[in-house]
Amino acid sequence: MSKSKLLEKNFIQKIIEEDKSSNKWDGRVHTRFPPEPNGYLHIGHAKSICLNFGIAEKNNGQCNLRFDDTNPLKEESEYVKSIIEDVKWLGFSWYGQPFFASDYFEQMYEYAIKLIRKGKAYVCDQSNEEIRNCRGTLKNPGQNSPNRDRSIKDNLLLFKRMKAGEFDNGAKTLRAKIDMSHPNLNMRDPVIYRILHAEHHRTGNKWCIYPMYDWAHGLEDSIENITHSICTLEFEDHRPLYDWYLAELGVYHPQQIEFARLNINYTVVSKRKLKKLVDSKIVDGWDDPRMPTISGLRRRGYTPSSIREFSKNVGVTKRNSVIDVVRLENSLREELNKTAPRVLCVIDPIKIIITNLPEDHEELMQALNNPEDPNSGKRELLFTRELYIEKSDFMEDPPRKFFRLAPGREVRLRYAYFITCNDIIKNKEGEIKEIHCTYDPKSRGGKSPDGRKVKGTLHWVSASNVINAQVKIYERLFDKEEPEKEENLFDALNPDSCQIFKDSKLEKSLQNATNQTYQFERLGYFKKDSKLSHKEKNIYIRVVSLRDSWAKINKR
RNA sequence: UGGGGCGUAGUAUAAUGGUAGUACACCUGGUUUUGGUCCAGGCAGUUGGGGUUCGAAUCCCUGCGCCCCAGCCA
């Protein structure tokens, strides 16, 4: 708590505190989260959501959820639905009902007429290409449109005819009359309305002219009485235009503040690129557990609180930065370590025969449900002559630092006995079929009365008391640190981002498993894939691995 | 000088002109029936150069580097 408290005062919060003390907005704080419904929300949006809703919460203000749906060509109600679900899931509640920019189309249109009447906007006949050619370059000024000095009367008439649908797509635009030689390209007579004969997901065919972002966004903020309009850095250049429109209209004028968007290594946070992954079927939809979408993280097993904690910890500044993806994973591990019940499961099994045990031997061993939580209680594990352990926990010819089972070596079976490997049974192909061991009856519970120490403790399950399951181990989707920088996104893909184990053996107690996340001891956190599992089939996915210092040593 | 931003350990982020701190990563060691957790310690930083000042990450000057902008996308 104190740790995160220190991190809470970012530069935006400071601005807000200054505004409060100067009573700039009568002490109000009203933010908004304004997604365009053209894709699913991702972890980058989560940061923005946590910022906007968090700032409002912290300052006893409100935050609107507003769909910035001004482009009928890209937007769908499927996305609206998912966005609502995702924001809710993250644990935030917005002010009133969700708002839609499209609900303000009429008002925006009236404001445009007001601007025309003021002589500050004109209908332009130039084509897309002509406008581009006349815009000038970064270093050279642009040229005025031939229609720039059209009379107010003509502009009014033409604009009404645009709205009435008398012109084709792209035939005319409404433009602001600012300055074609302005050093900021956004101020060179920007387009306010374009003609788009397209069906809108909410207004249907009522409109054939649609407002551009710069025009629409400030008005939306103004109409909703927003105080602080928080957006990302690339809109810094648009702020002069945001301010110009609201000032010319003489309407309520919120303050736009820009912050740096979230970047995470080994992942992409671009709706366009994520859509490409979905459309090309490289992933199993927007909610594929490898996707950095909110829905993907949810299916993967991320908790809302771990995402909120992460968002808070990465901070809010104006510098572009790249956050290490392990910080996201760590915030999840930190929570799951405290909450996840432990079980013993073998993902990639190999059989062990305890040769000094009778065939029908059955013995119940006591196991802690969670060593981190003394109130979590105990459960029983069945110990029998035939067991499974993890293939990777045995080596025929182990390196020095391998603490696990090997010929002649003694290890502990968690919550059970010490066992020693005596023999290896192979098939004709030379593959190991079973490992023969003897157990030390005096080491029951995992302690030896003679004080003998063993270095390794292995997880295991009884061969006669298991649940069969399929387990999916996900690795990062990209193996390049900055996949966004790759010329071809697909070149950055990790070919082994999903490994499937079809013959995993789960501890029997999991037959009553709920949808919660369990720790498979020594392996990581796992949960049932609620989308793919059904009664006859168990599919578990690895939510996140445990920290693995052995893997690190082994790599060297 | 087209315009707008940004430069603090490997990464990220703090520090009213007053001891450059924190987290993650990395390295040591301790505890441990999870090579997990936990605990202790270590490594490591103000973009360069000037100036103001008793004192500069912070103020001034001047370099250098990085990001964004020429959609009728948002």
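The structure displayed is predicted, hence computed values, not measured ones.

**Some thoughts on the domain arrangement of chain A**
The figure often quoted for interface size is the accessible area lost as the parts come together.
Consideration 1: You can read the domains of chain A as domain 1 (16–259), domain 2 (266–344 + 464–556) and domain 3 (351–369 + 382–459).
Consideration 2: Taking the mean C-alpha position of each, domain 2 and domain 3 sit 30 Å from one another.
Consideration 3: Listed per partner, the contact involves eleven residues of domain 2 and 16 residues of domain 3.
Consideration 4: Where domain 2 meets domain 3, there are two salt bridges.

**Things to note about the packing of aromatic side chains**
Consideration 1: With the rule as written, the count across this model stands at 21 aromatic pairs.
Consideration 2: For the pair Phe159 and Tyr193, a centre-to-centre distance of 5.4 Å together with 55° between the ring planes defines the contact as tilted. Linking Phe159 in helix H7 (residues 152–163) with Tyr193 in strand E6 (residues 191–195), this pair joins segments that are 34 residues apart in sequence. As far as the burial class goes, Phe159 and Tyr193 line up, both buried.
Consideration 3: Between Trp244 and Tyr245, the aromatic rings sit 5.7 Å apart at their centres with planes inclined by 70°, giving edge-to-face as the arrangement. In this structure, Trp244 and Tyr245 share a single accessibility class: buried.
Consideration 4: These aromatic residues form a ring-pair network of at least three members: Phe105, Tyr109, Phe159, Tyr193, Trp207 and Tyr210.

**A word on the sheet that holds strand E21 (residues 466–474)**
The strands making up a sheet associate through backbone hydrogen bonding, with each pair oriented either parallel or antiparallel.
Consideration 1: One open sheet accounts for seven strands, arranged E10-E23-E24-E25-E21-E22-E11; its pairing is mixed. Strands with a single pairing partner mark the edges of an open sheet, and in this sheet they are strand E10 (342–343) and strand E11 (345–346).
Consideration 2: One ladder, built from two bridges, connects E10 with strand E23 (residues 518–520); its direction is parallel. When the bridges of E23 are listed, Val343 appears paired with Phe520.
Consideration 3: On top of the sheet, helix H13 (residues 325–339) reaches E10, strand E24 (524–528) and strand E25 (539–545); it is set at about 110° to E25, its chief contact.

**Brief notes about H13**
Consideration 1: The end-to-end C-alpha distance of H13, which contains 15 residues, comes to 22 Å, matching closely the 21 Å that a straight helix rising 1.5 Å per residue would cover.
Consideration 2: Those residues of H13 that fall on the buried side of the exposure criterion are Val325, Leu328, Ser331, Leu332, Arg333 and Leu336.
Consideration 3: Against helix H3 (43–58), helix H11 (294–300), helix H12 (304–314), E10, E24 and E25 lie the buried residues of H13.

**Some words on the protein's contact with RNA strand B**
Consideration 1: Lining the immediate environment of RNA strand B, one finds 68 residues, of which Arg342, Arg414, Gly445, Arg522 and Arg547 sit closest.
Consideration 2: The share of sugar and phosphate among atoms of RNA strand B within 4 Å of the protein is 62%.
Consideration 3: Within the side chain of Arg404, one N or O atom sits 2.8 Å away from a base nitrogen of RNA strand B.
Consideration 4: Contact distances for RNA strand B include 2.8 Å between a phosphate oxygen and a side-chain N or O atom of Lys552.

**Details of the side chain of Glu521**
Consideration 1: For Glu521, the location among the structural elements is in the loop between E23 and E24.
Consideration 2: Here Arg414 takes part through its side chain, which lies 2.6 Å from a polar atom of the side chain of Glu521.
Consideration 3: Here Glu521 is in contact with Arg342, Val343, Leu344, Arg414, Tyr415 and His459, once residues within four sequence places are set aside.

**Structural notes on the pattern of salt bridges**
Consideration 1: What the rule picks out here adds up to 42 salt bridges.
Consideration 2: Among the salt bridges present, the one from Glu234 reaches Arg261, with a minimum N-O distance of 3.1 Å. You can see Glu234 sitting in the loop between strand E8 (228–232) and helix H9 (239–249) and its partner Arg261 sitting in the loop between strand E9 (255–259) and helix H10 (271–279), a full 27 residues away along the chain.
Consideration 3: A relative accessible area of 36% places Arg261 in the partly exposed class.
Consideration 4: In this structure, Glu484 and Lys273 form a salt bridge, with 3.1 Å as the shortest nitrogen-oxygen distance.

**Section: a positive patch on the surface**
Consideration 1: On the surface, Lys401, Lys455, Arg547, Lys552 and Arg556 cluster together to form a positively charged patch.
Consideration 2: Take Lys401: it is sitting in the loop between strand E15 (386–390) and strand E16 (410–413).
Consideration 3: Classification of Lys401 by relative accessible area gives exposed; the value is 52%.

**Digging into the environment of Arg175**
Consideration 1: Here Arg175 shows up in strand E5 (residues 173–176).
Consideration 2: Looking at Arg175, the relative accessible area reads 1%, which means it is buried.
Consideration 3: Residues Arg175 and Tyr40 lie 135 residues apart in sequence; the distance between their C-alpha atoms is 32 Å.
Consideration 4: Among the polar contacts made by the side chain of Arg175, one reaches the main-chain carbonyl oxygen of Asp189 at a distance of 2.8 Å.

**Quick word on the confidence of the model for chain A**
Keep in mind that low pLDDT regions are not for reading the predicted coordinates in detail.
Consideration 1: Taken over all residues, the pLDDT of chain A has a mean of 96, while the share at 70 or more is 99%.
Consideration 2: In this model residues 1–7 is a low-confidence stretch, pLDDT under 50, and it forms five contacts with partners more than four residues away in sequence or in other chains.

**Overview of the packing of helix H8 (residues 213–223) against H9**
Consideration 1: Taken N-terminus to C-terminus, the directions of H8 and H9 make an angle of 60°; their axes are 9 Å apart at the nearest point. Compared by their axis directions, H8 and H9 come out oblique. The two elements H8 and H9 cross, and the hand of that crossing is right-handed. Touching Asp214, Trp215, His217, Gly218, Leu219, Asp221 and Ser222 of H8 are Leu241, Tyr242, Tyr245, Leu246 and Leu249, all from H9.

**Considering the sheet that holds E16**
Consideration 1: Pairing is mixed in the open sheet, where seven strands are placed in the order E19-E16-E17-E18-E12-E15-E20. Each edge of the open sheet carries a strand with a single partner, namely strand E19 (457–458) and strand E20 (460–462).
Consideration 2: Where strand E12 (residues 349–354) meets strand E18 (residues 432–439), four bridges bridge the pair, whose relative direction is parallel. Looking at the pairing, Ile354 lines up with Cys437 of E18.

Parameters and conventions
- Residues take numbers from 1 onward in each chain, read along the sequence in its written order.
- Lettering for chains starts from A, numbering for ligands starts from 1, and both go in the order in which the items are written.
- Owing to the predicted nature of the model, reporting of local features is limited to residues with pLDDT of at least 70; listing and counting of side-chain atom pairs is limited to 80 or more, with chain, interface and lining totals taken over all residues.
- To obtain the side-chain values, all non-hydrogen atoms of the structure were included, while hydrogens and water were left out.
- Residue ranges for the domains originate in an automatic or database domain assignment.
- Pairs of residues are marked as contacts when any of their non-hydrogen atoms sit within 4.5 Å.
- One side-chain nitrogen of Lys or Arg within 4 Å of one carboxyl oxygen of Asp or Glu is enough to make a salt bridge.
- For this analysis, a ring pair means two rings from Phe, Tyr or Trp (six-membered ring only for Trp) whose centres lie within 6.5 Å, classed as stacked if their planes differ by under 30 degrees, edge-to-face if by over 60, and tilted for the remaining angles.
- To qualify as a helix, a DSSP run of H or I must reach at least 4 residues; to qualify as a strand, a run of E must reach at least 2; elements of each kind are numbered from the N terminus.
- Each residue is assigned to one of three classes by its accessible area relative to the maximum for its type, calculated with a 1.4 Å probe on protein chains only: buried under 20%, partly exposed between the two thresholds, exposed over 50%.
- Pairing between strands requires that DSSP locate at least two bridges from one strand to the other.
- Where helices are involved, their axes are fitted lines through C-alpha atoms of the stretch in contact, as for all axes, and angles between N-to-C directions lie from 0 to 180°.
- One less than the residue count of a helix, multiplied by 1.5 Å, gives the span that helix is expected to have.
- Residues are counted as near a molecule or strand when any one of their heavy atoms sits within 4 Å of it.
- We call two N or O atoms a polar contact when they sit within 3.5 Å, provided that within protein one can donate a hydrogen and the other can accept it, with sequence-adjacent residues counted only if both atoms are side-chain atoms.
- A patch is a set of surface residues, each over 30% in relative accessible area and not in a salt bridge, joined within 9 Å for like charges and within 5 Å for the nonpolar side chains Val, Leu, Ile, Met, Phe, Trp and Tyr.
- Here the accessible surface of atoms and residues is derived via Shrake-Rupley with a 1.4 Å probe, and residues count as covered only by protein chains that are part of the display.
- Charged-residue counts in this description rest on Lys and Arg as positive and Asp and Glu as negative, His and the chain ends being excluded.
- Note that the charge is assigned to NZ on lysines, CZ on arginines, CG on aspartates and CD on glutamates.
- Residue-level confidence of the predictor is what pLDDT reports, using numbers from 0 through 100.
- Each angle gets one of four labels, with under 35 degrees taken as roughly parallel, over 145 as roughly antiparallel, 65 to 115 as roughly perpendicular, and the rest as oblique.
- If you view the pair so one helix is near and one far, a crossing is left-handed when the near helix is turned anticlockwise from the far one by less than a right angle, and right-handed when it is turned clockwise.

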